[in-house]
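# What the coordinates show
Chain by chain, the residues run as shown.
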Amino acid sequence: MLLIHCPWCGPREEVEFRCGGQGHIARPADAMDISDAEYARYLFMRTNPKGWHYERWNHVHGCRRWFNALRHTVTHEIRATYRPGEKKPPLPDGTT
Amino acid sequence: MTAPFDLRRPEGGRIDRARAMRFVFDGAGYSGYAGDTLASALLANGVRLVARSFKYHRPRGIATAGAEEPNALVQLRGNARSEPNIRATQVELYDGLVAASQNRWPSLELDLGALNSVFAKLLPAGFYYKTFMWPPGFWHFYERLVRRMAGMGRAADASDPDRYDHRWAHCDVLVVGAGPSGLAAALAAGRAGARVILCDEQAEPGGSLLGSGATLDGAPAMQWAGAVLAELGALPDVTVLPRTTAFGYYDHNALGLVERVADHAAEPLPGQPRQRLWLVRARQVVLATGAIERPLVFRDNDRPGVMLADAARTYLGRYAVACGRRAVLFTNNDHAYDAALALHAGGVDLAAIVDLRAEPGGLRVDAARARGLRVIAGRAVTATHGRSSVTGVDIARLQEGSDLAVLDRESIACDLVLNSGGWTPSVHLFSQSGGRLRYDEATGAFLPGRAVQAVRAAGSCNGAVALKDCLKQGAAAGAAAAGDCGFAAAPPALPAAEPEPESAPMRLLWVVPSDAPVGHKGKHFVDLQNDVTAADLRLAAREGYRSVEHLKRYTTTGMGTDQGKTSNLAALAILAEATGREIPAVGTTTFRPPYTPVAMGALTGRTVGALLDPARWTPIHRWHVRAGAVFENVGQWQRARYYPQAGEDMHRALARELHAARNAVGIFDASTLGKIDVKGPDAARFLDLVYTNSWSKLGIGRCRYGFMLREDGYVFDDGVTTRLADDHFLVSTTTGNAAPVLSWLEDLLQMEWTELKVRLTSVTEEYAVVTLSGPFARRVLTELTADIDLEPKAFPFMSLSHGTVAGIAARVFRVSFTGELSYEVQVKASYGLALWNACMEAGEKYGITPYGTEAMHVLRAEKGYVIVGQETDGTVTPYDLGMGWIVNDNKPDFIGKRGLRRADLQRPDRKQLVGLRLEAGERRKLPEGAHLVADRDAVPPMPMLGHVTSSYWSVALDAPIALAMIKGGRARMGETVYAPLPDRVAAATVVEPCFWDPEGKRLHG
Amino acid sequence: MKRYSIFSLARNALSHHEDWPQAWRSPEPKPAYDVIIVGGGGHGLATAYYLAKEHGISNVAVLEKGWLGGGNTGRNTTVIRSNYLWDESAHLYEKSLQLYEGLSQDLNFNIMLSQRGVVNLAHSEHDLRELSRRVHALRLNGIDSEVLSLDEVRRLIPILDCSPAARYPVLGASVQWRGGIARHDAVAWGFARAADARGVDIIQNCEVTGILRDGGRVTGVETTRGAIRAPKVGCVVAGHASVLAAMAGLSLPIESHPLQALVSEPIKPVLHTVVMSSAVHAYISQSDKGELVMGAGIDTWNSYAQRGSLPVVAHTVGAVCELFPIFGRVRMMRSWAGIVDICPDASPIISRTPVEGLYFNCGWGTGGFKATPGSGWVFAYTIARDEPHPLNAPFALERFSTGALIDEHGAAAVAH
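Conventions adopted
- Residues numbered from 1 in each chain as written.
- Chains lettered and ligands numbered in written order.
- Predicted model: local features only at pLDDT ≥ 70, side-chain atom pairs only at ≥ 80, totals over all residues.
- Heavy atoms only, no water.
- Contact = heavy atoms within 4.5 Å.
- Buried area = accessible area lost by both parts, 1.4 Å probe.
- Polar contact = N/O pair within 3.5 Å; in protein donor to acceptor, adjacent residues only side chain to side chain.
- Nonpolar A, V, L, I, M, F, W, Y, C, P; charged D, E, K, R; others polar.
- Pairing = 2+ DSSP bridges.
- Helix = DSSP H or I, 4+ residues; strand = E, 2+ residues; numbered from the N terminus.
- Buried < 20%, exposed > 50% of the residue type's maximum accessible area, 1.4 Å probe, protein only.
- Arc of directions from axis to C-beta.
- Axes fitted to C-alpha atoms, helices over the stretch in contact; angles between N-to-C directions.
- Parallel < 35°, antiparallel > 145°, perpendicular 65-115°, else oblique.
- Left-handed = near helix turned anticlockwise from the far one by under 90°.
- Salt bridge = Lys/Arg side-chain N within 4 Å of Asp/Glu carboxyl O.
- Patch = residues over 30% accessible without salt bridge, like charges linked within 9 Å, V, L, I, M, F, W, Y side chains within 5 Å.
- Areas by Shrake-Rupley, 256 points an atom, 1.4 Å probe, with all protein chains shown as cover.
- Lys, Arg positive; Asp, Glu negative; His and termini not counted.

By a widely used convention, the size of an interface equals the accessible area lost when the partners come together. Listed per partner, the contact involves 131 residues of chain B and 104 residues of chain C. Carbon and sulfur atoms supply 56% of the area buried between chain B and chain C, which totals about 10000 Å² over both sides. Contact with chain C buries surface across chain B, with Tyr129(B), Arg147(B) and Met600(B) losing the most and accounting together for 9% of the total. Linking chain B to chain C there are 58 residue pairs in polar contact (both at pLDDT 80 or more). Residue composition of the side of chain B that touches chain C, by class: 60 nonpolar, 40 polar and 31 charged. As paired strands, strand β31 (residues 598-599) of chain B and strand β17 (residues 331-342) of chain C are joined by two bridges and run antiparallel to one another. Pairing of Ala599(B) across the sheet is with Arg331(C), part of β17(C).

A word on helix α1 (residues 36-43) of chain A. By the burial criterion, the buried members of α1(A) are Asp36(A), Tyr39(A), Ala40(A), Tyr42(A) and Leu43(A). Viewed end-on, α1(A) has its buried residues packed into an arc of 155°, placing them on one side of the element. The inward-facing, buried residues of α1(A) contact α25 (897-900) of chain B together with α11 (399-402) of chain C.

All names here are of chain B. Contact geometry of helix α13 (residues 534-542) with helix α15 (residues 568-578) gives a least axis separation of 9 Å together with a crossing angle of 45°. By the angle between their directions, the pair α13 and α15 is classed as oblique. As for the relative orientation of α13 and α15, their crossing is right-handed in sense. Facing Ala534, Leu537, Arg538 and Ala541 of α13, the residues of α15 in contact are Ala571, Ile574, Leu575, Glu577 and Ala578.

A word on the environment of Met21(B). All names here are of chain B. Of note, Met21 is situated in strand β1 (residues 16-25). With 14 residues separating them along the chain, Met21 and Gly35 place their C-alpha atoms 9.7 Å apart. Apart from the residues lying within four places of it in its own chain, the contact partners of Met21 are Tyr30, Ser31, Gly32, Tyr33, Ala34, Leu93, Tyr94 and Asp95.

Here we take up the pairing of strand β14 (residues 254-260) of chain B. Residues and elements named next belong to chain B. Counting buried positions over the seven residues of β14 gives six, a clear majority of the element. The antiparallel hairpin formed by strand β13 (residues 244-250) and β14 contains three residues in its connecting segment, where His252 sits at a positive phi of about 55°. Note that β14 and strand β15 (residues 275-287) share seven bridges and pair antiparallel. Each residue of the ladder has a partner; that of Val258, found in β15, is Leu277.

To continue, consider the interface of chain A and chain B. Opposite the 28 residues of chain A that make contact, chain B presents 28 residues. Interface area for chain A against chain B, summed over the two sides, is near 2500 Å², with a carbon-plus-sulfur share of 52%. On the chain A side of the interface with chain B, the three residues burying the most area are Met1(A), Arg27(A) and Met32(A), jointly 33% of the side's total. Seen at the junction of chain A and chain B, the total is six salt bridges. Put simply, Arg64(A) and Glu746(B) hold a salt bridge, and the shortest N to O gap is 2.5 Å. The tally of links from chain A across to chain B stands at 20 residue pairs in polar contact (both at pLDDT 80 or more).

This brings us to a nonpolar patch on the surface. Residue and element names in this part refer to chain B. Nonpolar side chains collect at one region of the surface, where Trp105, Leu112, Leu115, Val118 and Phe119 lie side by side and expose about 570 Å² of accessible area between them. Relative to the elements of secondary structure, Phe119 occurs in the loop between α2 (115-118) and α3 (127-130). Judged by relative accessible area, Phe119 falls into the partly exposed class, the value being 47%.

Within this structure, the stated rule accounts for 94 salt bridges over all chains. Salt-bridge contacts for Glu500(B) lead to Arg364(B); the nearest nitrogen and oxygen are separated by 3.9 Å. Of this pair, Glu500(B) sits in the loop between α12 (467-484) and β29 (525-527) while Arg364(B) is found in helix α10 (residues 363-370), placing the two residues 136 residues apart along the sequence. Across the pair Asp151(C) and Arg154(C) runs a salt bridge whose closest N-O atoms are separated by 2.8 Å.

Another point: the side chain of Asp407(C). Position of Asp407(C) among the secondary structure elements: in the segment after α11. Despite its burial, Asp407(C) remains without a salt bridge, the nearest opposite charge being carried by Arg710(B) at 4.3 Å. A distance of 2.9 Å separates polar atoms of two side chains, one belonging to Asp407(C) and the other to His409(C). Residues contacting Asp407(C), with those up to four places away along its chain left out, are Arg710(B), Gly874(B), Thr875(B), Trp86(C) and Asp345(C).

To continue, consider the environment of Gly435(B). Residues and elements named next belong to chain B. Summarising the element assignment, Gly435 is placed in the loop between α11 (428-432) and β26 (437-440). The exposure class of Gly435 is buried, given its relative accessible area of 8%. In the structure, Gly435 is positioned 78 residues away from Arg357 in sequence and 34 Å away in space, judged by C-alpha atoms. Setting aside chain neighbours within four positions, we find Gly435 in contact with Phe430, Arg450, Ala451 and Val452.

Our next topic: unusual backbone geometry. Residue and element names in this part refer to chain B. The omega angle of the peptide bond from Trp134 to Pro135 is -10°, so this bond is cis rather than trans. Tracing the backbone through its elements, the reader meets Pro135 in the loop between α3 and α4 (139-149). The omega angle of the peptide bond from Pro940 to Pro941 is -10°, so this bond is cis rather than trans. When you line up the elements, Pro941 lands in the loop between β46 (931-932) and β47 (946-954). A positive phi angle is found at Ala806, which is not glycine, with a value near 55°. Along the polypeptide, Ala806 turns up in the loop between β41 (799-805) and β42 (808-814). The exposure class assigned to Ala806 is partly exposed, which follows from its relative accessible area of 31%.

Below you can see the structure in the form of structure tokens.
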């Protein structure tokens, strides 16, 4: 049961949120010029790391805002949450 | 002859002798006192045999005094409140309690299931994996027998009448366990000003102090406990929760607790929940969960009357119950001597203390000897005797290096065998928290190691033994926890405990020898509940089940309702021995929630019945109810499906509704469709990006139908969107997708196109929408409005007018989902019912007829209009639907544009939307979902073309019609396809998916 | 392999069961094999077994980082069925079900296949339509499946609340009678024992830490017990497919999530079929031991921790209590989580990869157990012949580029 710090509302229970999967996936600007395989990378391929993961969350039962988070997929520690457009925090030292 | 020895001792205990409680066990009436558990009351009444074991149906009694009880499981209460597998040791006695033994037939005394014992030799661990394989396919029959034998208690025979609550709570410090350590911790944190929750599974806080007879500052320790509780009670930010078990430790310091609010009564008081589930988010946690005494594994260690030493002390000290008249203590450690001495002082004849250690020494042993007790060192109990109760034990000398104990044999008569193999700290919650465990050689137990979450362990769950150490650890942990929450805290002054003698080392002997090799005679039980023996464990190891998880699964040890609280460690040790490894190298099994079983009702809380999911009603709902509508669930909405009149079935009601909509005027409640208000300077640009078609040039007051795709190119949603102003649109969505569409649009705006100035507002519930549809729709509306010009030229198809309808400010959209002249009148929700009533009144002379979703479906299908989620299933493109015209490929970008270009989405033989007409005179509809084939005579498995998505009886055509998605369907016009049905093969002709007014004259009229 | 039977049990009873042989060996890894299977779960063991049995390739090592069957094989809700919507899936799972039907005898290990029927409940007109679509498709595919009326459902499952007053009343159901449950651990152990008997080396506590390549082709794996060479490596590591793929420089269309399940205390038999309701989100059967076995939905965030959140479990239990109100006082005894690898189309990947000799079998999501023998059978074929069997050809990685997904999410929510 995660405790998630919404950048607008503060710490809230996990049940108020919905996870939106991997974050910082750029929508290809040249989509019409790239191959199906390259487009598939955008649509489907995911880093799915065992470790720190940049991901998207929506405070769906709260302020309805989306934001980004850096969370560890083994310990579930949430190192940071930040608003869209804010720079993504670096990976914690010595880990991947 | 001495006076008869009364098992209920004349004085002492924490029972209320003024309040006698009657109860029934297996049909016989007994009496106990307030403060008793069912177990203590049964023991006081001399009831020894209370259960049968799972596999061999061996007679079993009460072995423990707490949550770890493996044997004494009963069926509690009756009828709808009947509960299986309840531990008698945890049931508070109440007047009128009814309990029964389980898993026996015909009776507890005479249980035919015990025949299994005869065949026990054929039933070693995992026997079922090795047999029941012949003849092939016959497992089904064996299984019936196995299932009947298995299981324990029974589920209730009627719906649970009780209610359960959920509660979320936050605190600075959660203290689990209100024994001496937990009380000290709560006191330290509470005094510092922290918000504290202290929970304990028992009715009365105090933990081990309740039955140990310990003193603090020279007074009974419970006096100190009482004072602490009084102080805690006076602190405003401290909550003490008795009868509350912390059962699960989850991420980010969240714990699940279950509070048994009313289980100590026959039924809850009116308005009272039976149990309450607490979800506690704690900044710091102190675990003071105590320790559980570990049984010794000796031959036939399961007979009623074989009991943990400390349990017997608890029964005497807390309930004033002597568990027997003549006892033998069998121990590998000093501490059990305390129990023996207490029982001796309580009047129990202590026949002997059998100590596995060759030379036990120290103050406790001396004290026993000083009282004239017979201490027999270096011996073991090698057998027990008796059937429904133990009648005696055999003892023999242990020999170094031998697996047998045959020397100096002696038999001792007794009716109580106390045994103690040391203590196992209750590290369940610590382990669940992710904390590492470390093995302690001296005590043969796992102790909390490095913590991962904000948690501390204190007291005997942390390996402390002496009371003073428990208090000290508790106080220090409580103060540190409060300190970590920012409170200035110092451990409180603690009362002085009696000095405790240093303990001599215990002797770890995981399997006690007897006069025959283990497994040859009798049974050395490790897991009493699942009847797993030391021989079973060794067999598993021999067969290669060397991982502790394999061992558990192969033998079922630790998989019972007690989850191995008294057996896991011994099983681990036996596996380690059998495989020549050290215990830490074998590891420990994962502790999983819950610590003790939790009623499914408590987990559920209130979210059943009407509260399972909110039911959404339109503002006109009450009218539909009064009209006798039959409703259907569409997502959370309850929509009127049809309105049967007296004597009508659905088919007739539908025919009437359809006839009215095509020939007169129908009225339909369309309020459930999703409505999203899109506003901002970039609104049109935004819609250009999320719809396949173009919006920038749509005139104000004009409507347009659009598809939203997913990025992969498949249809996500559809609906009509209207431009209200240059920077303002009203998007409509399907009923079921309203929330997902809004969420998706927000996602795009907030995360992808952050530069766009657009705001979205869900206005679905702001407005009621009444659709008038049919040739007389305009006439009805004319009667209701004076300020809207309804002339087709002034108010053409796919446009919007503002004005008043029935005196109510309204937006009127001229759109149609039926193919008829239609108006959707949108008013503020609170006026919805008034509008509907006004329409009904004005329309009466035109034969206005309410129609429901079923008629709506038929009307739209006759026109070939698709329903997202019916014609589409997440794998359909606009091209597949024959609606390529709606995709504006000239736009530089829109969601799904690139996805549509992928190779598989361009195949010519994709499934495409078609209509189906049946042979002339065929009156039977095709079933929806029926699959279509090209070859009438094909046999399974046969290649399929596609399936019927919609199928109705068309009143307008007086024939069945259908829509279907079939491979290369556009190129199959005029072909015959076949639907092989269970009872026939239906033939159908592929036609254009529009059966009614293909030119659209009526809706433009 | 010494055969198991009632006679061998009786014979061993005379020697106090002290002479049973090891079910499988625990050999030291050899320096090289013909094929390495990474992952000692049911699918990996089945792959090794069928490599040996069907393709005569027995110089095979199965490398397991922990204990065999310790991943999702030992953590699932043991349901077996083949009533999938799309032909591609239906054929693959049907192959698996057919293998299951003879598996106890084939392996000489009782996996306790209990074909007690799998019932899918419908709670809305939309559910009924989807259920009908599925049943019609299955029937034409030659797979048993039928629609049950409300009355038939009531008779089949008397303890199910079929009241029309329910929030989402049961309107009907479909049933696959050949579906049911099996003993999950036994499937892993049975395959392990039978593969071992055919010469396969099963090596536990051996974690793969790298995939050795020479140019574009695989040459072996690096492990915690040293390098092991093989010209062909098949990865079947549910829950860790992306991690293994990353070792070979590949990325997969997979996200890993916790999937929780739970059992109640054992009670006397009351539920004789598997019951699933996608609308109310319940999924339940009763084991032979008497426990109610319930599967929850996934936790929505990525995780490799085999740990989920309580509200997800509570939601499932609530759904079960809604359908079976007599279970309110039955108690949850144990809950746990596995890690499931979810593909975008909820269908697996059984495929060659851009690295020659490297094969992946992954992405089974929440439904891998039922596929165990079939998955192993087609994967063995794919590895042995370096080309997919027609049954798994549609499940290649390429589908994510072309768009030919096999979307088994069930149809989208009803929308009208």
